[in-house]
Amino acid sequence: MSIGLRQFTYRTENAGGAMADGFARISGKAAVVTAQNGPAATLLVPPLAEALKSSVPLVAIVQEVDRPTADRNAFQELDHVALFQGCTKWVRRVTEAGRIEDYVDMAFAAATGGRPGPAVLLLPADLLKEPATGFGRRRACLGHFPLDRVSADPAQIEAAAELIATAQNPIVMAGGGVHLSGAAAELAALQEQAHLPVMTTVMGKGAVSEEHPLSLGVGGNTLGRLSPGRYLKSLVDKADVVLLVGTRTAQNGTDSWTLFPPRARFIHLDIDHSEVGRNYEGLRLVGDAKLTLAALAQRLRGRRKPAAAVAGQIAAARERHAKEIASLLRSDAVPIRPERLMADLQQVLTPDAIVVADASYSTVWVASYLRALVPGMRFLTPRGMAGLGWGLPMALGARVARPESPVLCVAGDGAFAHVWSEMETARRTRTPVVVTVLNNGVLAYQKDAEDVKFGRHTGGCVFAPVDHAQIARACGCRGIRIERPGDYLDAVRAALAVPETTIIDVMTDPEAYPPITLFDDSLEKVRRTRS
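This is a predicted model, so every value here is computed, not measured. (Residues numbered from 1 in each chain as written. Predicted model: local features only at pLDDT ≥ 70, side-chain atom pairs only at ≥ 80, totals over all residues. Heavy atoms only, no water.)

Considerations on the overall build of the chain
Applied cut-off: A run of H or I in DSSP becomes a helix once it reaches four residues, and a run of E becomes a strand once it reaches two; helices and strands are each numbered from the N terminus. For a compact globule the rule gives 2.2 Å times the number of residues to the power 0.38, and the radius of gyration it is set against comes from C-alpha atoms. Note on exposure labels: buried denotes an accessible area under 20% of the residue type's maximum, exposed denotes more than 50%, and partly exposed covers the range between, all computed with a 1.4 Å probe on protein chains only.
Along the backbone of the chain there are 20 helices and 16 strands. For 531 residues, the compact-globule estimate of 2.2 N^0.38 gives 24 Å, and the C-alpha radius of gyration of the chain, at 24 Å, lies within 12% of that figure. Once the C-alpha set of the chain is aligned to its principal axes, its extents read approximately 70 × 60 × 45 Å. With 531 residues in all, the chain has 57% of them scored as buried.

Side note on the pairing of strand S1 (residues 31-35)
Selection rule: Strand pairing is defined by DSSP finding a minimum of two bridges between the two strands.
Here S1 shows a clear split, with Ala31, Val33 and Ala35 buried on one side and none of Val32 and Thr34 buried on the other. The pairing of S1 with strand S2 (residues 58-64) spans five bridges and is classified as parallel. Paired with Thr34 across the strands is Ile61, a residue of S2.

Focus on the sheet that holds strand S10 (residues 283-286)
For clarity, the cut-off: Each axis is a line fitted through C-alpha atoms, and for a helix only the stretch in contact is used; angles between axes span 0 to 180 degrees, taken between their N-to-C directions. The contact criterion used throughout is that any non-hydrogen atoms of two residues lie within 4.5 Å.
The parallel open sheet is built from six strands, whose spatial order is S7-S6-S5-S8-S9-S10. Looking along the sheet, the strands with just one partner apiece sit at the ends: strand S7 (215-218) and S10. Pairs of neighbouring strands in the sheet enclose a mean axial angle of 15 degrees, with direction left out of account. Sitting on the sheet, helix H6 (residues 154-165) touches strand S5 (170-174), strand S8 (241-245), strand S9 (265-270) and S10, and the angle it makes with S10 is about 130 degrees.

Thoughts on the sheet that holds strand S15 (residues 478-482)
Taking strand neighbours across the sheet as the criterion, the six strands line up as S12-S11-S13-S14-S16-S15 in an open arrangement whose pairing is parallel. In the strand order of this sheet, the two ends are held by strand S12 (378-380) and S15, each with one partner. Between one strand axis and the next, the sheet turns by 15 degrees as a mean value, whatever way the strands run. Here helix H1 (residues 13-27) sits on the sheet and contacts strand S11 (354-357) and S12; the angle it forms with S12, its principal contact strand, is near 160 degrees.

What about the layout of surface pockets?
Put simply, the rule reads: Only protein atoms enter the 1 Å grid used here. Points where a 1.4 Å probe fits but cannot escape make up a cavity, open sets with protein on both sides within 12 Å along at least five of seven lines make up a pocket, and a residue lines them when an atom lies within 4 Å of a point. Grid points are joined across faces, edges and corners, and a volume is the space filled by probe spheres set on the points. Only Asp, Glu, Lys and Arg are considered charged in this grouping, and only Ala, Val, Leu, Ile, Met, Phe, Trp, Tyr, Cys and Pro are considered nonpolar; every other residue, Gly among them, is considered polar.
Roughly 1700 Å³ of internal volume is contained in the largest pocket. What lines the largest pocket is a set of 43 residues, among which Leu5, Arg6, Val32, Val33 and Ile61 lie closest to the centre. Counting residues per element, the ones that place at least two in the lining of the largest pocket are H1, S1, S2, helix H5 (100-112), strand S4 (118-124) and helix H14 (391-401). The element that contributes the greatest number of residues to the lining of the largest pocket is H5, accounting for six residues. In the lining of the largest pocket, the residues fall into 27 nonpolar, ten polar and six charged. Its volume calculated, the second largest pocket comes out at about 890 Å³. Looking at the second largest pocket, it is lined by 42 residues, and the ones nearest its centre are Lys53, Ser55, Arg115, Thr247 and Arg248. Secondary-structure elements contributing two or more residues to the lining of the second largest pocket are helix H3 (45-54), helix H7 (177-181) and S9.

A few points about the environment of Thr42
With respect to the helices and strands, the residue Thr42 is situated in helix H2 (residues 39-42). Residue classification places Thr42 among the partly exposed positions, given a relative accessible area of 33%. Through-space distance from the C-alpha of Thr42 to that of Asn252 is 28 Å; in sequence the pair is 210 residues apart. Residues in contact with Thr42, not counting those within four places in the same chain, are Leu78 and Leu83.

Points about helix H19 (residues 488-496)
Inclusion rule: Throughout, the arc means that of the directions going from the helix axis to the C-beta atoms.
Within H19, the full set of buried residues consists of Tyr488, Leu489, Ala491, Val492 and Ala495. Here the buried residues of H19 occupy an arc of 160 degrees about the axis, which is enough to place them on one side. In this structure, the buried side of H19 is in contact with helix H12 (338-348), strand S13 (407-412), strand S14 (434-439), S15 and strand S16 (502-507).

A short note on empty space enclosed by the protein
Counted under the stated rule, the structure contains two cavities of 30 Å³ or more. In this model, the largest cavity occupies a volume close to 80 Å³. Arg25, Ser54, Val56, Gly176, His179, Leu180, Met203, Arg378, Phe379, Leu380 and Thr381 together form the lining of the largest cavity. Elements represented by at least two residues in the lining of the largest cavity include exactly H7 and S12. The element contributing the most residues to the lining of the largest cavity is S12, with three residues. Tallied by class, the residues present in the lining of the largest cavity amount to five nonpolar, four polar and two charged. In this structure, the second largest cavity encloses a volume near 50 Å³. Lining the second largest cavity, in full, are Asn169, Pro170, Ile171, Pro197, Leu235, Lys238 and Val310.

As structure tokens, then:
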């Protein structure tokens, strides 16, 4: 009998958790991932930690040893409650078959309610063999999120509207909570009606169109040399009111809490009361982003004039950056410059495309040099913990959630090597994604950070040569090796045209680095000294 569940079998539990994460982010539904007890359960810790930090609702069902053998050193017995307490919202063990339905509902309510996140349900193996009893009492559907939409206090919304309406230079900083709430349309309406410049965090990328005349792109520690937002920093510097929406105001998104001017006043909108005011004290808007932004826009209608001067400043900054970066975007250098690859990828993007970036440099290349075409366009990154290896499995989960959308993944060679085995998963499940591997033979972020901090890097940052395209072909996927920049765009277009997973292994420049503020001047100085 079919109960409407699809089993999507992974090769490793950590990748399975990342697949569930990608599915949840795109579908708006809590995803379920399962694991056996012991070592399999321990591999769920990294993806659950990512989901906790990124506010993604997952329900993990984890097997435990038979109840009569508990605390007797049974095979692969482990204290799973202690294991998962630090990386989830909720952990419970079911001991009675008649309570399973109750606990399943509790798990989904914990995952999707309030600030979303992961929940773990522990099931002893012998319980799974008992006859089901007491089912059918519960009817509520608790698997979607946000589970309960609650608007912020109307009086606080009115106060926020007054603060924005009377501000000289207000800006908005939008985080991943905008996507989790499905509030992109409401944020775009607020941007348009109140004439507000909007910057996003990396996780908030796509919350507004980056082609809108009042969009500032991605901010935080990605505002280094050659960043599209570098010449827009002056707008942030003179901000007198900052509206924070769905952001944890974390270190990277605020450039180590130096991004905003000290004199600015803050309004912080978030579903999690403990995040509001954590790093920037201000007016508190605790509630769902979608409802609260709609109410805020209504109260601001007609109270702010068009920001022609600001739009002109943004246009001039964009033009200045375009001239500065132009040679890299069309570079024919070998090894290939990642900026050229991003320019080519931009040509194939459509509003419904989903872009997934693995951690480290891949995230920053995508955040900096690809543009969101419409409000709500999705760019997925493992930004909560920034663990390597999330790219391919997260892309697979996203494609399952939205099979009609093209999914393009960018991963460094260091990250991609974590999940080679999941190419077999892609082939077996017929889940086509296009993966660009930036193959530069080094752990580039680690190498460059070591150079900046210590003046040199260790040998552990350098890899032996690997042909990822050949590995892909061995797994039954399409594998293409690119050594000349002029061949890349055609390879991507061909990959999008076939219903197979394609790995495009691109030989990239190991000396290239994206616009991270930490590296401004410092990295080049170290390199000159070393040479």
